[in-house]
Amino acid sequence: MLRVFPFFLQAAWVTIQLSVLSCAMGLVCGALGAAARLSRSPALRFTGATYVSVIRGTPALIQVFILYFGGPQIGIQLEAFEAGVLALGFNIGAYMTETMRGAIISVDRGQNEAARTLGLSRFETFRSVILPQALRLMIRPLGVNINALIKGTALVAAISVVELTYTAQRYIGSTYKPFEMFFLAGSIYMVIIYVTGLGVSWLDRRVALK
Amino acid sequence: MGLDFSVVPAFAGVLLTGALWTIAITLSAAVLSFFGGIVFAVIALYAPLVIRYPFRLFAWLFMGTPLLLQLFLIYFGLIQIGIDLPAFVAGVIGLGLHFAVYNSDIIQSGILAVDKGQYEGARTLGLSRIQTLRKVVVPQAVRSVVPPIGNNMIALLKDSALVSVIGVAELTLSSQMAISRTFRPFEFYVAAAACYYVINLGLEAGLRRIERRIQLAR
């Protein structure tokens with residue numbers, strides 16, 4: 001077990017990179033998606049709703065496959081790692097869209113009305129009244145999305161990205177010690193998720209109303 | 001190489017068979033995860049300490065690690081200790097256990113939300129602890145948590161694609177078989193995604209009906 005540990009650590013670093021990059025992309029997709037779903041333009045609302053419905057209605061594994069194996073047919077040639085980040089980020093973005101939209105619409109309506117009555121423009125109202133309150137509401141549920149994303153990065157093992165699950169599978173095959181390898185990879189996932197959870201709680205406390 | 005969806009209809013039979021397997025595996029795992037979730041919830045709340053704490057550790061481990069890793073453990077791990085399960089069974093057990101742990105979490109909160117008086121009343125009427133749980137507390141708890149469990153079932157349908165990696169010939173693996181003969185991954189993965197989307201719509205409609213019936217029964 002000691003002999004394989006360095007390989008697991010290397011793989012963990014790949015899992016962390018996958019998580020961080022696709023999380024960043026997910027947040028951007030989520031923000032754009034939420035903006036589209038809440039916009040005044042019917043075309044944008046429709047686009048946002050379709051994005052959420054299609055991505056949440058189909059398996060993430062298939063989305064990864066479409067991008068990685070199907071991409072070259074439409075002129076998108078990507079390394080496995082890049083395809084993994086893009087597909088995972090685009091996927092979690094749909095869930096984050098709903099999280100962000102949920103937080104924004106759960107800010108009390110009166111806040112919007114009062115701010116508009118006081119003479120703030122629609123944009124100013126959103127930026128300085130609605131958004132600061134919505135951000136507080138969305139941190140914890142976004143943490144849940146990120147938790148799912150970290151576990152979801154295991155999917156890219158199926159396109160041979162050498163991350164934790166791929167490494168565990170490889171050493172299960174070569175060492176004949178399935179339970180040891182599972183516990184090794186599993187505990188690294190737990191550490192990553194635990195530390196991320198601490199970060200989310202810290203952020204949540206930081207922005208809490210005092 | 002451009003796109004040519006006209007190759008798909010020739011493999012409609014393969015995809016349809018795969019879709020039926022996807023539905024079969026989803027339903028079997030859903031039933032397992034539902035009843036497993038109830039059993040796990042009761043264990044986590046009422047079992048003696050020596051069972052409860054190891055169990056909570058097991059649940060915590062299952063919730064904190066990827067499903068794909070668990071499938072590898074169950075399928076390849078059990079083979080190595082001499083238990084050679086068919087891939088379908090290993091897939092149902094893996095998916096079922098994974099979602100049973102998630103369901104158990106939801107059902108626990110449902111059980112705790114049932115009014116304490118219900119439990120006390122049933123015990124006063126002479127029902128044993130087990131009878132009280134089985135006939136009074138759990139039925140009420142399960143009704144109140146049907147919507148979140150339904151969400152888990154939808155997640156289960158999509159995660160059933162993962163069992164393709166341990167060799168269950170469901171929708172994802174069927175589309176891969178078609179791809180290996182036509183070399184047209186884009187068309188067939190999109191076709192598979194469309195099938196999942198349709199199954200998903202059916203599942204959502206079914207869940208809505210169940211929810212409505214439970215609302216009426218209350």
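This is a predicted model, so every value here is computed, not measured. (Residues numbered from 1 in each chain as written. Chains lettered and ligands numbered in written order. Predicted model: local features only at pLDDT ≥ 70, side-chain atom pairs only at ≥ 80, totals over all residues.)

Asks: What is the right way to read the overall build of chain B from this model?
Replies: For chain B, the helix and strand inventory stands at nine helices and zero strands. In sequence order, chain B lays out its α and β elements as α-α-α-α-α-α-α-α-α. Taking all contacts inside chain B whose residues are at least 6 apart in sequence as the whole, residues at least 24 apart take part in 79%. (Helix = DSSP H or I, 4+ residues; strand = E, 2+ residues; numbered from the N terminus. Contact = placed C-beta atoms within 7 Å.)

Asks: In this structure, what is going on with the overall build of chain A? I would like to understand it.
Replies: Scanning chain A for helices and strands turns up eight helices and zero strands. Mapped from its N terminus to its C terminus, chain A presents α and β elements in the order α-α-α-α-α-α-α-α.

Asks: Please explain helix H8 (residues 171–182) of chain B as it appears in this structure.
Replies: An α-helical segment advances 3.6 residues per turn. Residues three or four places apart therefore align on the same side. Look at H8 of chain B: 17 Å from first C-alpha to last across 12 residues, which is about the 16 Å you get at 1.5 Å a residue. Every buried residue of H8 of chain B is listed here: Leu171, Thr172, Leu173, Ser174, Ser175, Ala178 and Ile179 of chain B. At its buried positions, H8 of chain B is contacted by helix H3 (60–70) of chain A together with helix H1 (12–46) and helix H9 (185–217) of chain B. (Expected span 1.5 Å × (residues − 1). Buried ≥ 20, exposed ≤ 12 C-beta atoms within 10 Å, placed from the backbone.)

Asks: Which parts of the structure should I look at to understand the interface of chain A and chain B?
Replies: Where interface size is quoted, it is often the accessible area lost as the parts come together. At the interface, 31 residues of chain A touch 27 residues of chain B. Listing elements by their share of the side of chain A that touches chain B, those giving two or more residues are helix H2 (42–57), H3, helix H7 (164–175) and helix H8 (178–207) of chain A. The greatest single-element share of the side of chain A that touches chain B, amounting to eight residues, is contributed by H8 of chain A. A breakdown of the residues in the side of chain A that touches chain B according to their chemical character gives 23 nonpolar, seven polar and one charged. (Nonpolar A, V, L, I, M, F, W, Y, C, P; charged D, E, K, R; others polar.)

Asks: What should I look at first to understand the packing of H8 of chain B against H9 of chain B in this one?
Replies: When two helices pack together, their arrangement is given by the angle between the helix axes and by the axis-to-axis distance. Residues and elements named next belong to chain B. Following both chains from N to C, one finds H8 and H9 inclined at 155°, their axes separated by 9 Å at the closest point. The pairing of H8 with H9 is recorded here as roughly antiparallel in orientation. Considering only the axes of H8 and H9, their crossing is right-handed. Side by side, H8 and H9 meet where Leu171, Thr172, Ser175, Ala178 and Ile179 of the first sit next to Pro185, Phe188, Tyr189, Ala191, Ala192, Cys195 and Tyr196 of the second. (Axes fitted to C-alpha atoms, helices over the stretch in contact; angles between N-to-C directions. Parallel < 35°, antiparallel > 145°, perpendicular 65-115°, else oblique. Left-handed = near helix turned anticlockwise from the far one by under 90°.)

Asks: Looking at this model, I keep getting lost on unusual backbone geometry. Mind explaining?
Replies: Trans peptide bonds make up most of the peptide bonds, and negative phi angles are found at most residues other than glycine. Located in the positive-phi region is Ser160 of chain A, a residue other than glycine, with phi close to 65°. One non-glycine residue, Phe183 of chain B, lies in the positive phi region at around 55°. By the element assignment, Phe183 of chain B lies in the loop between H8 and H9.

Asks: Please clarify how the nonpolar core should be interpreted in this entry.
Replies: A general tendency of soluble globular proteins is for nonpolar side chains to be buried together. Membership of the largest hydrophobic core comes to 112 residues, with the highest contact counts inside it found for Val64 and Ala185 of chain A together with Leu68 and Ala192 of chain B. It is helix H4 (residues 80–105) of chain A that contributes the most residues to this core, 12 residues altogether. (Core = buried A, V, L, I, M, F, W, Y, C linked by C-beta atoms within 7 Å.)

Asks: Quick question: what am I supposed to make of the environment of Tyr189 of chain A here?
Replies: Looking at the secondary structure, you find Tyr189 of chain A in helix H8. When the 23 C-beta atoms within 10 Å are taken as the criterion, Tyr189 of chain A is described as buried. For the pair Tyr189 of chain A and Ala154 of chain A, spaced 35 residues apart in sequence, the C-alpha separation works out to 10.0 Å. Sequence-distant contacts of Tyr189 of chain A, defined by excluding residues within four places in its chain, comprise Lys151 and Leu164 of chain A together with Gly64, Thr65 and Pro66 of chain B.

Asks: Where do I start with the packing of helix H6 (residues 122–152) of chain A against H8 of chain A in this structure?
Replies: Residue and element names in this part refer to chain A. Axis separation between H6 and H8 bottoms out at 10 Å; the angle between their running directions is 170°. The angle between the axes of H6 and H8 places the two elements in the roughly antiparallel class. Mapping the contact onto sequence places Leu135, Arg136, Ile139, Arg140, Gly143, Ile146, Asn147, Ile150 and Lys151 in H6 and Tyr189, Ile192, Ile193, Thr196, Gly197, Val200, Leu203, Asp204 and Val207 in H8. Considering only residue class, the contact of H6 with H8 consists of 10 nonpolar, four polar and four charged.

Asks: Quick question: what am I supposed to make of the environment of Gly82 of chain B here?
Replies: Residue and element names in this part refer to chain B. Here Gly82 shows up in the loop between helix H3 (67–80) and helix H4 (87–113). Look at Gly82 and you get exposed, because 6 C-beta atoms sit within 10 Å. Sequence-wise, Gly82 and Arg129 are 47 residues apart; in three dimensions their C-alpha atoms are separated by 39 Å.

Asks: Sorry if this is basic, but what is going on with H4 of chain B here?
Replies: With 27 residues, H4 of chain B ought to run about 39 Å at 1.5 Å a step, and its terminal C-alpha atoms sit 39 Å apart, in line with that. By the criterion of burial, H4 of chain B is predominantly enclosed, with 19 of the 27 residues buried.

Asks: What am I meant to see in the confidence of the model for chain B here?
Replies: Caution applies to low-pLDDT parts of the model: their predicted coordinates are not meant to be read in detail. All names here are of chain B. Model confidence for chain B is summarised by a mean pLDDT of 90, while 99% of its residues fall at 70 or above. Put simply, H3 is where chain B has its lowest mean pLDDT, 85, and H1 is where it has its highest, 93. This complex was scored by the predictor with a pTM of 0.89 and an ipTM of 0.88. (pLDDT = per-residue confidence, 0-100.)

Asks: It is not clear to me how the environment of Met153 of chain B should be interpreted in this structure. Could you clarify?
Replies: Residues and elements named next belong to chain B. When you line up the elements, Met153 lands in helix H7 (residues 146–159). Sequence separation between Met153 and Leu207 is 54 residues; the distance between their C-alpha atoms is 9.0 Å. Residues within four places of Met153 in sequence aside, it is in contact with Ala30, Leu203 and Leu207.

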